[in-house]
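Each chain is listed here by its residues.
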Amino acid sequence: MSASPDTDSVDALRSQIDSLQTRVNELEVQNARLSSQLSRCCCQKMEDEVSSAVDGGSVVDGTGKSMNLDKKTRKKKDFKTGILEHHPRRYVALRLMYFGQRFYGFASEAQFDPTVESEIFKALEKTKLLVGDKKKSQYSRCGRTDKGVSSFGQVISLFLRSNLRPKNTDDANSWELSVERDVLDAEIDYVRVLNRILPKDIRVTGWCPVPIDFRARFSCMSREYKYFFWRDNLDIRAMESAGQKFVGDHDFRNFCKMDAFNVHNYRRHITSFELASCDKRLESNELWCFKIKGSAFLWHQVRCMVAVMFMVGQGLESPNVIDALLDTDGTPRKPQYTMAPEMPLILQSCEFQGVRFICSSDARQALHVHLEEAYQTYELQAAMTHEALLSCLPQEHGCSDQSLLGTHRKKKAASHISLMSRPTEPSYEERRAKLNLKVEACELSGQSI
């Protein structure tokens, strides 16, 4: 049987989208290479101009007049921003760990402070490791976690100040990728230097020299998330059956917060979806986690997937609801439901080809001591909370405190409305139509979008 015209047109559109995405990636790489060459040329030109203008502490300003600056004034002028533009530099990837409870997300574009990114750049400025702003540094981040979300494997890439000078100035990679022991010993210990300045809930756990066309976002091969939860009375077998339906290439528009203005392709590939016990118990209850690995994820995708999984585990929905929501032809509009809380979610790791993160023995030891002390503090707090729980139990004759734990009355469950019977959000096509009308109205009025 031959394919229908509709199927051919859909396949053709998908092929065009894949081709355009490939071209975008190629242009990103080309842009990075040209930007790096331009930056080196500009830096060399500025150094030549400054060296020719300086004569015993005299600097020529923009009008051609000579200004006598003493050493104290020159130092203040050069270093007040914490950016050293004319120092040797190398392009590196930094691996980060942070606990997100007090942060308004990772990205500094958030409307509120603090963010993880803003704290990192404060530390980079204080340590004089920056060689330019984000654009000049060719800054890239692997992902932008939401408010309250943590990570043990976030990765960023950018140019940083280096102790090394290139042997061949025409080939930056000849020294940027060098990882010989004598070279590493002479290089700045980025992990140790930054961790001395960063707040306690952010740490750098490793660094690696990378090519100048490396981008933390686009060079990432896969990302893995973990989501922790207490088992309670959840049906693990039903959840495992439902989770396997996510594996593979699917359209996840019904499992995300849709951004129709910026995102037009909602197909993502999930390589594995697992449930695992964490070997941690609280009386009769047990801590478990979801392990979700994929090439890339949409906005709030993991928390939406987890929310529906909990409905399956509670027996409120059948595992087959996953099939229905992944069928965007049959279900073009996302049913309204609340996504899972952000606190138990962790961006566990980001995988790159050929990137091996480095951490000196001194930095690793300091990181171990820091995390061990934090763990002991949280264990003390847990013990105190447990003691408070025991103190609130009724002291009945012949009934031990331990036997009463786990027998608390559960909250009365609200009446559940089937996902497929709920009100829905606008479809992607409806959102785009509304956006197009807004764009046309702005163009007619001369206003920006």
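Naming follows an unreviewed UniProt entry, where the protein appears as tRNA pseudouridine(38/39) synthase isoform X1 of Rhodamnia argentea. A UniProt comment under Sequence similarities (unreviewed entry) is attached to the protein, and it reads "Belongs to the tRNA pseudouridine synthase TruA family."

The next thing to look at is the pattern of salt bridges. A side chain with one charge can pair with a side chain of the opposite charge if their charged atoms come near. Evaluated as defined, the whole model comprises 16 salt bridges. Three or more residues joined by partner-sharing salt bridges are found here, namely Glu 117, Lys 134 and Arg 141.

Moving on, we come to the pairing of strand β5 (residues 150-161). Extensive coverage of β5 is indicated by the burial of eleven of its twelve residues. By the bridge criterion, nine bridges tie strand β3 (residues 89-98) to β5 in an arrangement that is antiparallel. Counted as the bridge partner of Leu 94 is Ile 156 from β5. Relative to β5, strand β4 (residues 140-141) runs antiparallel, the two being bridged by two bridges. Paired with Arg 141 across the bridge in β5 is Ile 156. Pairing of β5 with strand β11 (residues 345-351), which is carried by two bridges, proceeds in the parallel orientation. Following the sheet pairing, Ser 150 is matched in β11 by Ile 346.

Before going further, it helps to spend a moment on the confidence of the model for the protein. Averaged over all residues, the pLDDT of the protein equals 82, while 76% of them reach at least 70. Predicted confidence for residues 42-80 stays below pLDDT 50, and this span has 27 contacts to residues more than four positions away or in other chains. Note that pLDDT drops below 50 for residues 169-177; the model gives that stretch 20 contacts with residues more than four away or on any other chain.

Now for the side chain of Arg 223. Considering the arrangement of structural elements, one finds Arg 223 in strand β7 (residues 222-230). Buried within the structure, Arg 223 lacks any salt-bridge partner; its nearest side chain of opposite charge belongs to Glu 351, at an N-O separation of 10 Å. Looking at Arg 223, its side chain comes within polar contact range of the main-chain oxygen of Ser 295, at 2.7 Å. Setting aside anything within four residues of it in sequence, one finds Arg 223 in contact with Cys 142, Ala 216, Arg 217, Ile 292, Lys 293, Gly 294, Ser 295, Ala 296, Phe 297, Leu 347, Ser 349 and Cys 350.

A few words on the packing of helix α7 (residues 236-243) against helix α8 (residues 301-313). Two quantities define a packed helix pair, namely the angle between the helix axes and the distance between the axes. In the contact formed by α7 and α8, the axes pass within 8 Å of each other and the chain directions differ by 140°. The angle between the axes of α7 and α8 places the two elements in the oblique class. The way α7 lies across α8 gives a crossing that is right-handed. Residues Ala 238, Met 239, Ala 242 and Gly 243 of α7 touch α8, and the partners they reach there are Met 309, Phe 310, Val 312 and Gly 313. Classifying every residue of the contact of α7 with α8 gives six nonpolar, two polar and no charged.

Thresholds, definitions, all that
Residues numbered from 1 in each chain as written. Predicted model: local features only at pLDDT ≥ 70, side-chain atom pairs only at ≥ 80, totals over all residues. Heavy atoms only, no water. UniProt positions renumbered as here; feature names shortened; annotations may be inferred. Salt bridge = Lys/Arg side-chain N within 4 Å of Asp/Glu carboxyl O. Buried < 20%, exposed > 50% of the residue type's maximum accessible area, 1.4 Å probe, protein only. Helix = DSSP H or I, 4+ residues; strand = E, 2+ residues; numbered from the N terminus. Pairing = 2+ DSSP bridges. pLDDT = per-residue confidence, 0-100. Contact = heavy atoms within 4.5 Å. Lys, Arg positive; Asp, Glu negative; His and termini not counted. Polar contact = N/O pair within 3.5 Å; in protein donor to acceptor, adjacent residues only side chain to side chain. Axes fitted to C-alpha atoms, helices over the stretch in contact; angles between N-to-C directions. Parallel < 35°, antiparallel > 145°, perpendicular 65-115°, else oblique. Left-handed = near helix turned anticlockwise from the far one by under 90°. Nonpolar A, V, L, I, M, F, W, Y, C, P; charged D, E, K, R; others polar.

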